Amino acid sequence: LQAYFEANKKTYAAPEYRKFSYVRLEPEDIMDISAVTDQQVSDDYNKNKGRYTTPEMRTIEQLVFPTLDAAKAASDSLKTGATFDKIVTAQGKTQADTLLGTLSKDKISDKAVADAAFALAVNEVSPVVQGTFGPVLLRVTEIKPQVVKSLAEVSDQIRKDLALGEASRILLDVHDNYEDTRAAGSTLAEAAAKLKLKDVTVEAIDRTGLKPDGTIIKDLPASPDLIKAVFEAEPNTENEALTTANNGFVFYELTSITPARDRTLDEVRQRVVAD
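Quick caveat, the model's predicted, so the values are computed rather than measured. (Residues numbered from 1 in each chain as written. Predicted model: local features only at pLDDT ≥ 70, side-chain atom pairs only at ≥ 80, totals over all residues. Heavy atoms only, no water.)

Trainee: Give me helix α8 (residues 151–183): which residues, what numbers.
Mentor: When the terminal C-alpha atoms of α8 are compared, their 46 Å separation across 33 residues agrees well with the 48 Å that a helix rising 1.5 Å per residue should span. The sharpest bend along α8 comes to roughly 50°, located at I170. (Helix = DSSP H or I, 4+ residues; strand = E, 2+ residues; numbered from the N terminus. Expected span 1.5 Å × (residues − 1). Bend = angle between axes of the 7 residues up to and from the residue.)

Okay, here's the thing in structure tokens:
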């Protein structure tokens with residue numbers, strides 16, 4: 001075992017590890033949901049009610065005729081026992097050919113067709129409608145009514161959205177306050193505490209984002225950029241903040257460096273035996 005280990009010692013070497021601390025500053029980190037009043041929530045709901053409204057949807061079938069006379073003849077035949085399905089078959093079409101889709105009124109580009117379709121009851125056939133592509137008969141096979149979510153259903157989300165909006169507005173001010181606090185001599189942890197932000201310490205990480213036990217450190221903000229920056233930084237030096245994908249910032253500071261080294265056989269005995 002010792003001979004095998006000595007011949008493959010570099011395989012089991014420990015990489016360089018670095019200890020660092022960071023503070024994330026994104027809108028979610030500084031939003032204050034409790035500061036949003038019920039009146040603000042109510043006003044936003046009424047102002048943007050369309051966001052919480054699912055419009056009426058109708059499944060519409062449309063049979064297009066080559067001439068107005070043919071369309072009128074088909075419409076008249078409905079009064080003497082013919083059905084829409086029979087007319088479709090007589091025109092050499094299938095139900096799939098006539099299906100316009102399940103649509104809201106605003107999604108139908110032909111206004112005449114839209115107005116006629118949304119005036120029908122379920123399974124009612126329209127009079128002849130002069131559509132953009134010729135005269136048509138319409139049938140509605142299903143109606144899904146409009147649904148409006150109540151204020152109670154969406155109030156939590158509105159409150160959060162308003163809080164995030166305000167946090168986004170003041171984000172740069174908080175960034176500047178942090179920088180000013182550091183410039184006045186405060187440590188990263190002290191500046192974070194003053195601004196009610198959370199500072200996180202990573203005890204050891206290698207260049208690939210692994211801890212000494214081989215597990216990945218999760219939830220690192222701007223992870224690839226942050227790890228790269230940490231391995232380019234000097235210990236106990238304030239660094240320029242990184243920008244995150246959410247237009248926020250990550251402040252970080254390298255604490256110490258553990259150089260790469262060869263491990264002893266006792267440290268990796270199980271791995272060597274397995275190999």
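Picking up after the structure, the text goes on.
Trainee: I'd like a description of the sheet that holds strand β4 (residues 99–104), backed by residues and values.
Mentor: Across the sheet, four strands lie side by side as β4-β3-β6-β5; this open sheet has antiparallel pairing. The outermost strands of the open sheet, each flanked by one partner alone, are β4 and β5 (129–131). On average, each strand axis in the sheet is inclined to that of its neighbour by 45°, with strand direction left out of account. Inspection of the sheet shows strand β3 (residues 57–64) paired to β4 by five bridges, in the antiparallel sense. (Pairing = 2+ DSSP bridges. Axes fitted to C-alpha atoms, helices over the stretch in contact; angles between N-to-C directions.)

Trainee: Got a sec to walk through the sheet that holds strand β10 (residues 249–258)? Specific residues and values, please.
Mentor: Strand order in the open sheet made by the four strands is β8-β1-β10-β9, with antiparallel pairing throughout. Each edge of the sheet is formed by a strand with only one pairing partner; in this case those strands are β8 (199–205) and β9 (242–243). Here strand β1 (residues 17–25) pairs with β8 via five bridges, running antiparallel. The residue bridging R18 from the neighbouring strand is I205, located in β8. The sheet contacts of α8 involve β1 and β10, and relative to β10 the element is tilted by about 35°. The sheet contacts of helix α10 (residues 223–230) involve β1, β8, β9 and β10, and relative to β10 the element is tilted by about 45°. (Contact = heavy atoms within 4.5 Å.)

Trainee: Let's hear about unusual backbone geometry: which residues, and what values?
Mentor: We note that N123 has phi near 70°; this positive angle belongs to a residue other than glycine. Mapped onto the elements of the fold, N123 is located in the loop between α7 (111–117) and β5. One non-glycine residue, K196, lies in positive phi territory at about 60°.

Trainee: Can you tell me about the pairing of strand β6 (residues 134–144), naming the residues and giving the values?
Mentor: Sheet topology note: the β3/β6 ladder contains eight bridges and is antiparallel. Considered in β6, the bridge of L63 is made with L137. Where β5 folds back on β6, the antiparallel hairpin that results is connected by two residues.

Trainee: Give me the lowdown on helix α3 (residues 38–47), citing residues and values where you can.
Mentor: Every buried residue of α3 is listed here: V41, D44 and Y45. Viewed along the axis of α3, the buried residues span an arc of 100°, placing them on a single side of the element. (Buried < 20%, exposed > 50% of the residue type's maximum accessible area, 1.4 Å probe, protein only. Arc of directions from axis to C-beta.)

Trainee: Lay out the pattern of salt bridges with the relevant residues and their values.
Mentor: Taken as a whole, this structure holds 17 salt bridges when the rule is applied. R24 serves as the salt-bridge partner of E26, at 3.8 Å between the closest nitrogen and oxygen. Accessibility expressed as a relative area gives 10% for E26, which makes it buried. Linking R182 and E253 is a salt bridge whose minimum nitrogen-to-oxygen distance equals 2.7 Å. Taken as a pair, R182 in helix α8 and E253 in strand β10 lie far apart in primary sequence, 71 residues in all. In this structure, R182 and E253 share a single accessibility class: buried. Each of R24, E26 and D29 takes part in salt bridges that share partners, so that together they form one network. (Salt bridge = Lys/Arg side-chain N within 4 Å of Asp/Glu carboxyl O.)

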